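Chain residues, written in single-letter form:
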Amino acid sequence: MRDLVAGMTYLAKGQRWVGRNRKQWGFGLLPGLITLVGYAGAMVALVLYADDVVDWATPFADGWGSPWLGLFRGGLTAVFFGGSLLLALISFTAVTLLVGQPFYESLSEKVDLSEDGTARESGLPLWRELWISARESLAVLLRVAVWGVLLFALGFVPVVGQTVIPAIGFCVSGFFLTEELTAVALQRRGVSLRERLRMLRSRKLLALGFGVPLTLLFLVPFVAVFVMPGAVAGATLLARDLTGEAVSRDGDDGADGTDDGDDGHRRSDYAVS
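Definitions and limits used
- Residues numbered from 1 in each chain as written.
- Predicted model: local features only at pLDDT ≥ 70, side-chain atom pairs only at ≥ 80, totals over all residues.
- Heavy atoms only, no water.
- Helix = DSSP H or I, 4+ residues; strand = E, 2+ residues; numbered from the N terminus.
- Polar contact = N/O pair within 3.5 Å; in protein donor to acceptor, adjacent residues only side chain to side chain.
- Salt bridge = Lys/Arg side-chain N within 4 Å of Asp/Glu carboxyl O.
- Buried < 20%, exposed > 50% of the residue type's maximum accessible area, 1.4 Å probe, protein only.
- Expected span 1.5 Å × (residues − 1).
- Patch = residues over 30% accessible without salt bridge, like charges linked within 9 Å, V, L, I, M, F, W, Y side chains within 5 Å.
- Areas by Shrake-Rupley, 256 points an atom, 1.4 Å probe, with all protein chains shown as cover.
- Core = buried A, V, L, I, M, F, W, Y, C linked by side-chain atoms within 4.5 Å.
- Contact = heavy atoms within 4.5 Å.
- Axes fitted to C-alpha atoms, helices over the stretch in contact; angles between N-to-C directions.
- Parallel < 35°, antiparallel > 145°, perpendicular 65-115°, else oblique.
- Left-handed = near helix turned anticlockwise from the far one by under 90°.
- Nonpolar A, V, L, I, M, F, W, Y, C, P; charged D, E, K, R; others polar.
- 1 Å grid on protein atoms, 1.4 Å probe; cavity = no way out; pocket = protein on both sides within 12 Å on 5 of 7 lines; lining within 4 Å.
- Points joined across faces, edges and corners; volume = space filled by probe spheres on them.
- pLDDT = per-residue confidence, 0-100.

1. Overview of the side chain of Gln187
Reasoning step 1: By the element assignment, Gln187 lies in helix α6 (residues 160-188).
Reasoning step 2: A distance of 2.9 Å separates polar atoms of two side chains, one belonging to Gln187 and the other to Glu136.

2. Considering the pattern of salt bridges
Reasoning step 1: In total, this model carries 12 salt bridges according to the counting rule given.
Reasoning step 2: A salt bridge links Arg188 to Glu105, with the nearest nitrogen and oxygen atoms 3.5 Å apart. You can see Arg188 sitting in helix α6 and its partner Glu105 sitting in helix α4 (residues 101-116), a full 83 residues away along the chain.
Reasoning step 3: Here Arg188 falls in the buried class, since its relative accessible area comes to 1%.
Reasoning step 4: Between Glu136 and Arg196 there is a salt bridge; the shortest N-O distance is 2.7 Å. Remark: Arg196 occurs in helix α7 (residues 193-202) and Glu136 occurs in helix α5 (residues 126-154); sequence separation between them is 60 residues.
Reasoning step 5: Look at the salt bridges and you will find they share partners, linking Glu105, Asp112, Arg188, Arg189, Arg240 and Glu245 into a network.

3. Here we look at α5
Reasoning step 1: Given a rise of 1.5 Å per residue, 29 residues ought to cover 42 Å, and the 42 Å separating the end C-alpha atoms of α5 matches this to within 8%.
Reasoning step 2: Among all positions of α5, only Glu129, Ile132, Ser133, Glu136, Ser137, Val140, Val144 and Leu151 are buried.

4. Examining a nonpolar patch on the surface
Reasoning step 1: Judged by side-chain polarity, Trp147, Leu150, Leu154, Val157, Val159, Val160, Val164 and Ile168 come together as a nonpolar surface patch covering roughly 620 Å² of accessible area.
Reasoning step 2: Mapped by element, the contributors of at least two residues to the nonpolar patch are α5 and α6.
Reasoning step 3: Among the secondary structure elements, Ile168 is positioned in helix α6.

5. Points about the nonpolar core
Reasoning step 1: Among the nonpolar cores identified, the biggest contains 49 residues, and Leu181, Phe210, Leu214 and Val232 are the most heavily contacted of them.
Reasoning step 2: In terms of residue count, helix α9 (residues 223-242) provides more of this core than any other element does, 12 residues in total.
Reasoning step 3: Here Phe210 is in contact with Gly7, Met8, Tyr10, Leu11, Thr178, Leu181, Ala231, Gly234, Ala235 and Leu238, once residues within four sequence places are set aside.

6. Considering the packing of helix α1 (residues 2-20) against helix α8 (residues 204-218)
Reasoning step 1: At a minimum axis separation of 6 Å, α1 and α8 run at an interaxial angle of 45 degrees. Taken together, the axes of α1 and α8 lie oblique to each other. As for how α1 packs across α8, the hand of that crossing is right-handed. Contacts between α1 and α8 involve Asp3, Leu4, Ala6, Gly7, Met8, Tyr10 and Leu11 from the first element and Leu205, Leu206, Leu208, Gly209, Phe210, Pro213 and Leu214 from the second.
Reasoning step 2: Taken together, the residues of the contact of α1 with α8 break down into 11 nonpolar, two polar and one charged.

7. Quick notes on empty space enclosed by the protein
The rolling of a water-molecule-sized probe over the atoms marks out the regions of remaining empty space.
Reasoning step 1: Scanning all chains against the criterion turns up one cavity of 30 Å³ or more.
Reasoning step 2: The volume enclosed by the largest cavity comes to roughly 80 Å³.
Reasoning step 3: Around the largest cavity sit Leu97, Gln101, Ser133, Glu136, Ser137, Glu179, Glu180, Ala183, Val184, Gln187 and Arg196, which together line it.
Reasoning step 4: Mapped onto the lining of the largest cavity, the elements with two or more residues apiece are α5 and α6.
Reasoning step 5: Considering every element that reaches the lining of the largest cavity, the biggest residue donor is α6, with five residues.

8. Focus on the confidence of the model for the protein
Reasoning step 1: Across the protein, the average pLDDT comes to 81, with 88% of residues at or above 70.
Reasoning step 2: When pLDDT is averaged over each element of the protein, α1 comes out on top at 93 and helix α3 (residues 68-99) at the bottom at 77.
Reasoning step 3: Note on residues 246-273: pLDDT under 50 across the span, and 60 contacts to partners over four residues away in sequence or across chains.

9. Topic: the side chain of Asp112
Reasoning step 1: Examined against the element boundaries, Asp112 turns out to sit in helix α4.
Reasoning step 2: The class of Asp112 is buried, set by a relative accessible area of 0%.
Reasoning step 3: Here Arg240 takes part through its side chain, which lies 3.0 Å from a polar atom of the side chain of Asp112.

10. Here we look at the environment of Leu89
Reasoning step 1: Relative to the elements of secondary structure, Leu89 occurs in helix α3.
Reasoning step 2: Classification of Leu89 as partly exposed rests on a relative accessible area of 49%.
Reasoning step 3: A sequence separation of 126 residues divides Leu89 from Thr215, and the C-alpha atoms of the two residues are 9.9 Å apart.

If you want it as structure tokens, here you go:
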């Protein structure tokens, strides 16, 4: 249970860190706002054209009489829209992290600097970091999709499907959300996706304590945009725990964390080849 509480504590510490470093919070808002605008546009287009997409995909039903044609295509439209909304919720974090890679890398480095005056660097060019991030985010999304299909099927089991399965779903979402967020700091340390997953599986309660409350917060419209900078900061502190790095002082004390340390003290001994 200690790890469960520790995960929640890192989430709170991250929010307090950006609260005391307002410039970093404002800087970290930009990727979420950019992604939100893009997703909002896509959802508006979906609302406007979902019926047309379903009509195009089901030409065999054109000759059906009323009310079967309306019920069939109306049901498919609802499923299509619901599935698209679910995909948007699942992918929002991954896309935001990809769009905001330079922003969140900088924020994560500032958190590291505020802790012990050093910040690991990957030593890779930005394009290579973006490629690795995109490739690994896709791999995570595929894993989430497999879990999603399995949990959706189990959701039809009486009683269990309406009680246990939703709880498991939140845990799965929380675990992978923690992986996506800690990846910002761990990729700079040269930790691969496979190794990150192994580290998080070895401390599941820590990952769930951080990720499940964040998943619940992300269900509230627009909240994800505002808590994302603090989530990245908290995930950096959690990553330091996973790698066994000593914390020189409480993460809350980094009120001037943006100025602590010197870029010249950054180390690249975790660089990936």
